[in-house]
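Letter by letter, the chains look like this.
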Amino acid sequence: NAGVTQTPKFRVLKTGQSMTLLCAQDMNHEYMYWYRQDPGMGLRLIHYSVGEGTTAKGEVPDGYNVSRLKKQNFLLGLESAAPSQTSVYFCASSYSLADVTDTQYFGPGTRLTVL
Amino acid sequence: QQQVKQSPQSLIVQKGGISIINCAYENTAFDYFPWYQQFPGKGPALLIAIRPDVSEKKEGRFTISFNKSAKQFSLHIMDSQPGDSATYFCAATDSPGNTPLVFGKGTRLSVIA
């Protein structure tokens with residue numbers, strides 16, 4: 001099993017450009033999450049999904065959109081990138097949200113720089 | 001979302017010493033408290049977790065201590081090793097899982113020889 005994979009690993013954008021980050025998991029997990037990690041700020045939840053076709057807002061959703069068209073994939077979109085979105089983005093998945101002992105499995109991250 | 005407050009922000013410990021990281025929470029509905037470990041350039045990974053029905057959980061050199069009345073929990077790393085150098089995140093969520101994990105801001109641990 002590859003676990004949770006993220007594409008791309010690195011990306012540099014100019015202000016106003018758009019891009020999509022792809023997260024894929026092969027563990028048949030129901031729940032998927034997108035976080036951003038900034039120095040001194042910890043992990044902040046952007047959006048999450050509790051199943052195929054569903055999405056929900058997290059702590060910092062503004063400026064981002066997501067889609068979960070397939071159970072194994074969770075896409076994070078930036079329609080008009082801003083320098084404040086420079087960050088490391090992590091995707092995670094878990095079997096369920098209802099079972100609170102379920103582990104979240106994280107991907108390796110995508111380092112995004114917006115100039 | 002309710003906050004989980006983590007301290008210290010950074011910690012330097014001598015090899016063989018004890019590393020202690022503390023977290024505090026406000027939401028009394030929280031009943032699952034995991035710790036995640038993150039090495040540079042990697043994603044976080046679950047290290048150890050505790051439910052409030054016990055006051056302590058130990059796995060090898062890693063121990064979680066939980067104080068329900070004070071709404072605090074801590075991670076103790078005994079006999080700290082240079083390989084333990086990483087960022088540690090505490091987290092919390094409620095039962096039956098109405099909300100995703102709320103993470104603390106992290107503690108960067110450096111274990112020096």
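All values reported here derive from a predicted model rather than from experimental measurement. (Residues numbered from 1 in each chain as written. Chains lettered and ligands numbered in written order. Predicted model: local features only at pLDDT ≥ 70, side-chain atom pairs only at ≥ 80, totals over all residues. Heavy atoms only, no water.)

**Student:** Would you explain the overall build of chain A in this entry?
**Tutor:** A count of helical and extended segments in chain A gives zero helices and 11 strands. Going from the N terminus to the C terminus, chain A shows its helices and strands as β-β-β-β-β-β-β-β-β-β-β. Here the C-alpha atoms of chain A give a radius of gyration of 13 Å, agreeing with the 13 Å that 2.2 N^0.38 yields for 115 residues. In terms of its C-alpha atoms, chain A occupies a principal-axis envelope of roughly 40 × 30 × 25 Å. Across the 115 residues of chain A, 50% fall into the buried class. Within chain A, residue pairs in contact and separated by at least 24 positions form 56% of the contacts whose partners lie at least 6 positions apart. Separation of charge centres in chain A, based on 10 positive and 9 negative side chains, amounts to 10 Å. (Helix = DSSP H or I, 4+ residues; strand = E, 2+ residues; numbered from the N terminus. Rg over C-alpha atoms; globule rule 2.2 N^0.38 Å. Buried < 20%, exposed > 50% of the residue type's maximum accessible area, 1.4 Å probe, protein only. Contact = heavy atoms within 4.5 Å. Lys, Arg positive; Asp, Glu negative; His and termini not counted. Charge placed at Lys NZ, Arg CZ, Asp CG, Glu CD.)

**Student:** Help me understand the layout of surface pockets, please; the structure alone is not making it clear to me.
**Tutor:** If a probe the size of a water molecule is rolled over the atoms, the empty space left behind becomes visible. In this structure, the largest pocket encloses a volume near 770 Å³. Contributing to the lining of the largest pocket are 29 residues, with Gln37(A), Arg111(A), Gln38(B), Thr87(B) and Arg108(B) lying nearest its centre. Counting residues per element, the ones that place at least two in the lining of the largest pocket are strand 4 (31-38) and strand 9 (87-94) of chain A together with strand 9 (86-94) and strand 11 (107-112) of chain B. Per-class residue counts for the lining of the largest pocket are 11 nonpolar, 12 polar and six charged. (1 Å grid on protein atoms, 1.4 Å probe; cavity = no way out; pocket = protein on both sides within 12 Å on 5 of 7 lines; lining within 4 Å. Points joined across faces, edges and corners; volume = space filled by probe spheres on them. Nonpolar A, V, L, I, M, F, W, Y, C, P; charged D, E, K, R; others polar.)

**Student:** Would you explain the interface of chain A and chain B in this entry?
**Tutor:** Where interface size is quoted, it is often the accessible area lost as the parts come together. Tallying the contact residues gives 21 residues for chain A and 25 residues for chain B. Across the chain A to chain B interface the summed buried area is about 1700 Å²; carbon plus sulfur atoms make up 61%. Connecting chain A to chain B are zero salt bridges. Looking at the side of chain A that touches chain B, the elements that each hand over two or more residues are strand 4 and strand 5 (42-49) of chain A. (Buried area = accessible area lost by both parts, 1.4 Å probe. Salt bridge = Lys/Arg side-chain N within 4 Å of Asp/Glu carboxyl O.)

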